[in-house]
Amino acid sequence: MRSLILGGVRSGKSRHAESLAQAVAGPVTLIATGTAGDEEMAARIAAHRANRPSRWNVVEEPVHLARALARAALPGGVVIVDCLTLWLTNILCHEDPRMLDTEVEALAALLPDLPGVQILVGNEVGFGIMPVNALARRFGDVAGVLHQRLAGLCDSVVLMVAGIPLTVKAPEAGRGHHAGRRP
Amino acid sequence: MRSLILGGVRSGKSRHAESLAQAVAGPVTLIATGTAGDEEMAARIAAHRANRPSRWNVVEEPVHLARALARAALPGGVVIVDCLTLWLTNILCHEDPRMLDTEVEALAALLPDLPGVQILVGNEVGFGIMPVNALARRFGDVAGVLHQRLAGLCDSVVLMVAGIPLTVKAPEAGRGHHAGRRP
Amino acid sequence: MRSLILGGVRSGKSRHAESLAQAVAGPVTLIATGTAGDEEMAARIAAHRANRPSRWNVVEEPVHLARALARAALPGGVVIVDCLTLWLTNILCHEDPRMLDTEVEALAALLPDLPGVQILVGNEVGFGIMPVNALARRFGDVAGVLHQRLAGLCDSVVLMVAGIPLTVKAPEAGRGHHAGRRP
């Protein structure tokens, strides 16, 4: 079971991920992709940490997400990735320009084979007027393509609106779509 | 019965609020939170006024929303708040930095006890690329947290898309969620 | 049958339009409204062209959309407009300031009478923080009003999220709403 949780800033994405994780009996690993590059980010990270169940195993991985996921995924366990957006920012701004393709391909190749439950959290950023700024425009494009691809690999997709999950892809529909590709 | 109507600019939020209000037999009070600070705002306010039924009672209140709501709410009556976004801008930019917390807490404390119907209108602003501008980022955060909180206190939440309400929280579900807290 | 497909950048709008078109037996005409004004646009247009079935008839029309639609629409045929947003940009920035009203009115007047299937694609741009930039704000307003109007004239409206269509207006509901205006 794989879920993609999209939503705007402060729309309840992390809390929804937590409630999904708590509905599973197994151990929970959180892969945190944010790095405290400035004061604002440090404050956001601290706030997330304070709200998070203390028994969770937390792994910080800003760049090599597929590798971290492969290590953390266990049968019966849950892995939360919070969030795709910071990871995408990190690989898009990485000094090695090939990092974006390498990491996205590694993630897409890995996901279908992972045991247990994965919950991927990302910001929906495409529904506003695109800034003139070229990096922001490229980010919007890259995030849109990534979310489409991950949505195809997930059983469930929701869009968080004011803390409430709006169903975009229901688990049953997901199984139906991919019926031919899974045992 | 309390409804939260979210949506983008010119997505039909005010018109939907009006149609909800007209489905109730009682008198309607509109709490208008906008102030004509510049020409663009003055034009927007004039356009709203021209479209609004003339028998509505209109109260202008840019800051003290809870107080205005407490005065306007009547059993069998309807109060529309249009809109939360301008009110939030007003209290976020208020000379007294405590105004934000004071007013949001007062609103959240008041809402569950109000008689009659309340319809709250706000702009969904979180689904785009966040501007670099610190005030805009703070506004996005504050609006997201406010919308989550109000959605929890409302029976119905919709997201307006191209003039059509997309159901985020249905009245029945709302009653179910809060079943233990109401008689 | 008329469909409006809204969505963010790289949300799968064009691909969804293509899959709707392929579900119809008749010939397909694509009205492409983009002009290769800069390198970024040229690259986007080339990418769309590469992904598009080669048997489609393609008409480039940046401004006079109603006229192009009137020529392209056939009983049993499909016309895709990709996209409303570039057309709106073109008429909003046109040297003749009346072009916006003239073209929007011509489109709205024409649509109800067209034979065959029409699929209109546009960017949802209203769910982010509005830029300070006056042209961007005006664009947001004009796009919101246009989408509301077109949604009223379409049988089906979807919002694309991560490549998946979220139903905003279902064909049956559309037929119901307009039951009195059609044979």
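Residues numbered from 1 in each chain as written. Chains lettered and ligands numbered in written order. Predicted model: local features only at pLDDT ≥ 70, side-chain atom pairs only at ≥ 80, totals over all residues. Heavy atoms only, no water.

## As for the overall build of chain A
The test is simple: The helix and strand labels rest on DSSP assignments: H or I over at least four residues marks a helix, E over at least two residues marks a strand, and numbering proceeds from the N terminus. The atom set for the radius of gyration is the C-alpha atoms, and the globule formula is 2.2 Å times the number of residues raised to the power 0.38. Throughout, exposure labels follow a simple rule: accessible area from a 1.4 Å probe, protein chains only, divided by the maximum for the residue type, with under 20% read as buried, over 50% as exposed, and the rest as partly exposed. Computed by Shrake-Rupley with a 1.4 Å probe, the accessible areas treat only the displayed protein chains as cover when residues are assessed. Residues scored as charged are limited to Lys and Arg (positive) and Asp and Glu (negative), so that His and the chain ends carry no count. Note on charges: their place is set at NZ of Lys, CZ of Arg, CG of Asp or CD of Glu.
On a plain count of helices and strands, chain A comes out with seven helices and seven strands. Counted from the first residue to the last, chain A has its helices and strands arranged as β-α-β-α-β-α-β-α-α-β-α-β-β-α. Relative to the globule expectation of 16 Å for 183 residues, the C-alpha radius of gyration of chain A, 16 Å, shows essentially globular dimensions. Projected onto its principal axes, the C-alpha coordinates of chain A cover approximately 45 × 40 × 35 Å. Relative to its full complement of 183 residues, chain A shows a buried share of 55%. When the accessible area of chain A is evaluated, it comes to approximately 8400 Å², of which 55% is carbon and sulfur surface. One way to put it: in chain A the 18 positive side-chain charges average out to a point 5 Å from where the 17 negative ones average out.

## Describing the interface of chain C and chain A
To be explicit about the condition: In what follows, a contact means two residues having at least one pair of non-hydrogen atoms within 4.5 Å. Simply put, the buried area is the total loss of 1.4 Å probe accessible area from both parts when two parts are fitted together. Throughout this description, the term salt bridge denotes a Lys or Arg side-chain nitrogen within 4 Å of a carboxyl oxygen of Asp or Glu. As used in this structure description, the phrase polar contact means that two N or O atoms lie within 3.5 Å; if the pair is within protein, one of them must be able to donate a hydrogen and the other to accept it, and residues adjacent in sequence are counted only when both atoms belong to side chains. Side-chain classes follow a simple rule in which Ala, Val, Leu, Ile, Met, Phe, Trp, Tyr, Cys and Pro form the nonpolar group, Asp, Glu, Lys and Arg form the charged group, and the remainder, Gly included, forms the polar group.
At the interface, 26 residues of chain C touch 21 residues of chain A. On the chain C side of the contact with chain A, C:V9, C:R10 and C:A162 bury the most area, a combined 32% of that side's loss. Between chain C and chain A we count zero salt bridges in total. On inspection of chain C and its partner chain A, the count reaches six residue pairs in polar contact (both at pLDDT 80 or more). Counted by class, the side of chain C that touches chain A contains 13 nonpolar, eight polar and five charged residues.

## Examining the side chain of A:D82
All names here are of chain A. Along the polypeptide, D82 turns up in strand β4 (residues 78-82). Side chain to side chain, D82 and S14 meet in a polar contact 2.6 Å long. When near neighbours in sequence (up to four residues on either side) are disregarded, D82 contacts S14, L30, I31, A32, T33, H48 and V121.

## Quick word on the sheet that holds strand β7 (residues 164-169) of chain A
Residues and elements named next belong to chain A. Keep this limit in mind: Whether two strands pair depends on DSSP finding at least two bridges between them. Axis lines are fitted to C-alpha atoms, over the contacting stretch for helices. Their N-to-C directions set the angle, which ranges from 0 to 180 degrees.
What the seven strands build is an open sheet, ordered β3-β2-β4-β5-β1-β6-β7; its pairing is mixed. Of all the strands in the sheet, the pair left with one neighbour each is β3 (57-60) and β7. Here the average twist between neighbouring strands, direction ignored, is 20°. With five bridges joining them, β4 and strand β5 (residues 117-123) adopt parallel strand pairing.

## As for the relation of the copies chain C and chain A
As a reminder of what qualifies: Least squares is the method used to superpose the copies, on C-alpha atoms of residues holding a pLDDT of at least 70 in both.
Mapping chain C onto chain A calls for a rotation angle of 120° and an axial translation of 0.0 Å; the resulting RMSD is 0.0 Å. Each copy turns onto its partner about a three-fold axis. The C-alpha atom lying nearest the rotation axis in chain C is that of C:G128; the distance is 2.4 Å.

## Remarks on the sheet that holds strand β1 (residues 2-7) of chain C
Sheets are built from strands paired through backbone hydrogen bonds, the pairs being either parallel or antiparallel. Residue and element names in this part refer to chain C. With mixed pairing, the seven strands of this open sheet are ordered in space as β3-β2-β4-β5-β1-β6-β7. Two strands bound the open sheet, and with one partner strand each, they are β3 (57-60) and β7 (164-169). Pairwise comparison of adjacent strand axes, ignoring direction, gives a mean angle of 20° for this sheet. With five bridges connecting them, strand β6 (residues 156-161) and β7 associate as antiparallel partners. Among the inter-strand pairings, V158 is bridged to a residue of β7, identified as T167. Its contacts with the sheet place helix α4 (residues 84-92) against β1, β4 (78-82) and β5 (117-123), and it is angled at close to 70° to β5.

## Observations regarding the pairing of strand β3 (residues 57-60) of chain B
Residues and elements named next belong to chain B. The test is simple: Handedness of a crossover is defined as follows: orient the strands so they point away from the viewer, and if the path from the first strand over the helix to the second runs clockwise, the crossover is right-handed.
Taken together, the four bridges between strand β2 (residues 28-32) and β3 define a ladder with parallel strand orientation. What sits directly across from A32, in β3, is E60. In the classification by handedness, the crossover that spans β2, the intervening helix α2 (residues 39-51) and the parallel β3 is right-handed.

## Notes on the environment of B:L86
Residues and elements named next belong to chain B. Relative to the assigned elements, L86 resides in helix α4 (residues 84-92). The exposure class of L86 is partly exposed, given its relative accessible area of 27%. Separated by 22 residues in the primary sequence, L86 and A108 place their C-alpha atoms 17 Å from one another.

## Regarding helix α3 (residues 65-72) of chain B
Residue and element names in this part refer to chain B. What counts here: The arc in question is formed by the directions pointing from the helix axis toward the C-beta atoms.
Buried within α3 we find L65, A66, A68, L69 and A72. Axial view of α3: buried residues confined to an arc of 160°, hence all on one face. Along its buried surface, α3 packs onto β2, β4 (78-82), α4, α5 (99-110) and β5 (117-123).

## A word on the packing of α4(B) against α5(B)
All names here are of chain B. For clarity, the threshold we go by: We call two directions roughly parallel when the angle between them is under 35 degrees, roughly antiparallel when it is over 145, roughly perpendicular when it lies between 65 and 115, and oblique otherwise. Take the far helix as your reference; a near helix turned counterclockwise from it by less than a right angle gives a left-handed crossing, and one turned clockwise gives a right-handed crossing.
Running from N to C, α4 and α5 cross one another at 140°; their axes reach a closest spacing of 8 Å. Put simply, α4 runs oblique to α5. Where α4 crosses over α5, the handedness of that crossing is right-handed. Along the contact surface, α4 presents W87, L88, I91 and L92, while α5 presents M99, L100, E103, V104 and L107. In terms of residue class, the contact of α4 with α5 is made up of eight nonpolar, no polar and one charged.

## Notes on the interface of chain C and chain B
Counting residues at the interface gives 21 residues for chain C, matched by 26 residues for chain B. Taking both sides of the interface into account, the surface hidden between chain C and chain B amounts to around 1800 Å²; carbon and sulfur atoms contribute 67%. Considering only the side of chain C, the residues that lose the most area to chain B are C:F127, C:I129 and C:Q148, jointly responsible for 43% of the buried surface there. Remark: the boundary between chain C and chain B carries zero salt bridges. Linking chain C with chain B are five residue pairs in polar contact (both at pLDDT 80 or more).

## Quick look at the state of the cysteines
Condition: Here, a disulfide means two cysteine sulfur atoms that sit within 2.5 Å of each other.
Inspection of every chain in the model, using the stated rule, returns zero disulfides over all chains. Of all cysteine sulfurs in the structure, the one in A:C83 sits closest to A:C154, which takes part in no disulfide; the separation is 15 Å.

## Quick look at the pattern of salt bridges
Residues and elements named next belong to chain A. What the rule picks out here adds up to six salt bridges over all chains. Note that R98 is salt-bridged to D96, the shortest N-O span being 3.2 Å. Note on D96: relative accessible area 22%, which makes it partly exposed.

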